[in-house]
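Summary of structural features
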Amino acid sequence: MTREFAGYLRKDGRAGIRNEVAVISAIDSLNPVAAKIADLVRGSVLVTDLFGRKMGGKNHAIRIRSLTGMAMNPNVGAVLVVSLHMPSALSVAGPIAESGKDVEIVAFQDVGSTLKAIEQGARLAVKLVKACSTQRRQAVPLACLTLGVECGGSDFSSGISGNPAIGRAADLLLDQGGTVILSETPEIMGAEHILARRAVSREVGDKLLQCVREMEMLAKATGFEDVRASNPSADNRKGGLSTLAEKSLGAVLKAGSKPLQGVLDFAERPPGVPGFYFMTTPAPACESMTGLAAGGAQVIVFNTGLGNPIANPIAPTIKVTGNPFTYAQCPDDFDVSVSDIISGGMTLEAGGERIFREMLDVASGKKTYSEILGITQSTIQVLGPSV
Amino acid sequence: MSSKGGEVRVLMIMHPADNVAVCLRPLEAGEIIQVMHAGKTLSIEARGAVPLGHKVALSQVARGQKVIKYGETIGRALKDIAAGEHVHDHNIADYEGVTP
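Just so we're clear, the structure is a prediction, and the values are computed from it rather than from any experiment.

**Side note on the environment of Arg-198 of chain A**
Residues and elements named next belong to chain A. The topology assignment puts Arg-198 in the loop between helix H7 (192-196) and helix H8 (202-221). Separated by 109 residues in the primary sequence, Arg-198 and Ala-89 place their C-alpha atoms 42 Å from one another. The residues touching Arg-198, leaving out its near neighbours within four places in the chain, are Val-252, Ala-255, Gly-256, Ser-257, Lys-258, Pro-259, Leu-260 and Phe-276. Here Lys-258 takes part through its backbone oxygen, which lies 3.1 Å from a polar atom of the side chain of Arg-198.

**Thoughts on the domain arrangement of chain A**
All names here are of chain A. Per the domain assignment, the segments of chain A are domain 1 (20-132) and domain 2 (141-373). A separation of 29 Å is found between the C-alpha centroids of domain 1 and domain 2. Listed by partner, the interface residues are 15 residues for domain 1 and 15 residues for domain 2. Of the roughly 1100 Å² buried between domain 1 and domain 2 on both sides combined, carbon and sulfur atoms contribute 57%. Interface area lost by domain 1 to domain 2 is led by Arg-65, Met-70 and Asn-75, which between them contribute 39%.

**Re the nonpolar core**
One finds Leu-145, Leu-147, Leu-182 and Ile-355 of chain A to be the most contacted residues of the largest nonpolar core, which totals 71 residues. Once residues within four sequence positions are removed from consideration, Ile-355 of chain A is found in contact with Ala-165, Ile-166, Ala-169, Val-301, Val-320, Val-336 and Val-338 of chain A.

**With respect to H8 of chain A**
The α-helix advances 3.6 residues per turn, and as a result positions three or four apart in sequence lie on the same side. With 20 residues, H8 of chain A ought to run about 28 Å at 1.5 Å a step, and its terminal C-alpha atoms sit 28 Å apart, in line with that. Tucked inside the fold, the buried residues of H8 of chain A contact H7, helix H9 (227-230), strand S10 (260-264) and strand S11 (275-279) of chain A.

**Comments concerning unusual backbone geometry**
Peptide bonds are mostly trans, and most non-glycine residues show a negative phi. Residues and elements named next belong to chain A. With an omega dihedral of -5°, the bond running from Asn-231 to Pro-232 counts as a cis peptide bond. As for its position among the elements, Pro-232 is in the loop between H9 and helix H10 (234-238). A positive phi is found at Lys-54, a non-glycine position, where the angle reads about 55°. Among the secondary structure elements, Lys-54 is positioned in the loop between strand S4 (44-47) and helix H2 (57-72). For Glu-184, which is not glycine, the phi torsion reads 70° and is therefore positive. Position of Glu-184 among the secondary structure elements: in the loop between strand S9 (179-182) and H7. Its relative accessible area of 2% is what places Glu-184 among the buried residues.

**Section: the packing of aromatic side chains**
One pair of aromatic rings is described through two measures. These are the centre distance and the angle between the planes. Residues and elements named next belong to chain A. Enumeration over the complete set of coordinates arrives at one aromatic pair over all chains. An angle of 55° between the planes, with centres 6.4 Å apart, marks the rings of Tyr-327 and Phe-334 as tilted. Tyr-327 sits in the partly exposed class, given a relative accessible area of 30%. Between Lys-319 and the ring centre of Phe-302, over which it is positioned, the NZ or CZ distance is 4.4 Å.

**Focus: the sheet that holds strand S3 (residues 20-25) of chain A**
Residue and element names in this part refer to chain A. Read across the sheet, four strands follow the order S4-S3-S5-S6 without closing on themselves; strand pairing throughout is parallel. The open sheet has two free edges, formed respectively by S4 and strand S6 (103-107), since each of these has just one partner strand. Neighbour to neighbour, the strand axes of the sheet diverge by 20° on average, direction disregarded. The pairing of strand S5 (residues 76-83) with S6 spans five bridges and is classified as parallel. Within S6, the position partnered with Ser-83 by the bridge is Ala-107. On top of the sheet, H2 reaches S3, S4 and S5; it is set at about 160° to S3, its chief contact. Helix-sheet contacts for helix H5 (residues 114-132) involve S3, S4, S5 and S6, and the interaxial angle to S6 is about 175°.

**Comments concerning the pattern of salt bridges**
For the structure on display, the rule yields 17 salt bridges over all chains. For Glu-104 of chain A, the salt bridge goes to Lys-127 of chain A, with nearest N and O atoms at 2.8 Å. Taken as a pair, Glu-104 of chain A in strand S6 and Lys-127 of chain A in helix H5 lie far apart in primary sequence, 23 residues in all. With relative accessibility at 23%, the residue Glu-104 of chain A sits in the partly exposed group. Of the residues examined, Lys-127 of chain A reaches a relative accessible area of 45% and is grouped as partly exposed. A salt bridge links Glu-72 of chain B to Arg-197 of chain A; the nearest nitrogen and oxygen atoms lie 3.1 Å apart. Residue Glu-72 of chain B is found in strand S7 (residues 72-77), and its partner Arg-197 of chain A is found in the loop between H7 and H8; the two belong to separate chains. Given a relative accessible area of 59%, Arg-197 of chain A falls into the exposed group.

Rules behind the numbers
- Residues numbered from 1 in each chain as written.
- Chains lettered and ligands numbered in written order.
- Predicted model: local features only at pLDDT ≥ 70, side-chain atom pairs only at ≥ 80, totals over all residues.
- Heavy atoms only, no water.
- Helix = DSSP H or I, 4+ residues; strand = E, 2+ residues; numbered from the N terminus.
- Contact = heavy atoms within 4.5 Å.
- Polar contact = N/O pair within 3.5 Å; in protein donor to acceptor, adjacent residues only side chain to side chain.
- Domains from an automatic or database assignment.
- Buried area = accessible area lost by both parts, 1.4 Å probe.
- Core = buried A, V, L, I, M, F, W, Y, C linked by side-chain atoms within 4.5 Å.
- Buried < 20%, exposed > 50% of the residue type's maximum accessible area, 1.4 Å probe, protein only.
- Expected span 1.5 Å × (residues − 1).
- Phe/Tyr/Trp six-rings, centres within 6.5 Å; stacked < 30°, edge-to-face > 60°.
- Lys NZ or Arg CZ within 6 Å of the ring centre and 35° of its normal.
- Pairing = 2+ DSSP bridges.
- Axes fitted to C-alpha atoms, helices over the stretch in contact; angles between N-to-C directions.
- Salt bridge = Lys/Arg side-chain N within 4 Å of Asp/Glu carboxyl O.

As structure tokens, then:
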């Protein structure tokens, strides 16, 4: 099996599967300006968040780590930071510049008008795209690849076709020295003890259990009902899921079967040792994928039983379904179907190989449907209100 | 987990240690399904209708015993479950909630 993909080698030794200029809005009030700039400049990609002012403590730290993490993802060739004023621009652009990546700034209050900010931003972005476009793809070992695994719109098929097939693909990548990140803390509840047993050390296992406890406390403090009592949901039960452990085991399958190497905070990059990691994130797909991309995942494989169109702007998102009815209804939403596992006698191994091959193709430049259609959104986890 | 000679698979067993299988189409009461499990051909007679995506017992599971899917314990039997019986929240519950 191929051990390489054609990627963009970066100064820090990591490799991108895309080479775009990220137009990052550092503050919600400049999101529309950043969007206009990204609209004008081909070869750029928009990164926004709906918050950004007057957030404190850990909330603020997560936000900066997420924005800078997405900018430092090796899929990004250079960065334009758009903000209201220079200090807020520098809080994001500073760490990016320190990483050695080319970064330019548009500070609205220094430029003086909306149209001038759009004009200046577009000029800077054009220059960055021009410079980036001289980079060529070259053969890069698969060990440079970090895969994020995601599922949404889960149904009866998720745990028996899509997720276990993605797990086979994840194992193939891990065998090549690559990295796989599983996320969505609420989705592992009920199976956390089983996952903790796969940890490489007691410390890692304990950290995983701690993540789950913290997410449960956060849920209770936010006014949610008990996750353990309200799951599986009525829909889940109708689809045949009987217990929380069964539901969560089906979700965890998509990360493969290898030892758990470490537990990451939201948007935290794995510490250099390849292997399987868990990242603590909320369950909604946009937030989860933002955490994965900021943590350095160059590609995401997203299983959906019932359908869910969203993708990450930085990490191309391969849509997979294992539900034959869903696939028949909307084949042009899925980059890979493994629905023959249910309807045509396809083995999980064959499904895993199909996903793995698509992942290699996408890593080398093949476009995903969501990339072509631009169905992307970044959203950063919020731990508390802005004031 | 493999199907023979291109036959349409009816039951899917996720792990050799499992004592339940997932129905890939609805089962009617009295239907007899052959399935390969841990190297042997099992003949399972559905003891009632089982909806698509739901589980059926591959062997008898006594009250309090573990229900195994994915090679892991997903719950315990709330009552004796016969081979071929529909396995769901009416006769199993989360591991921790049941006294054996």
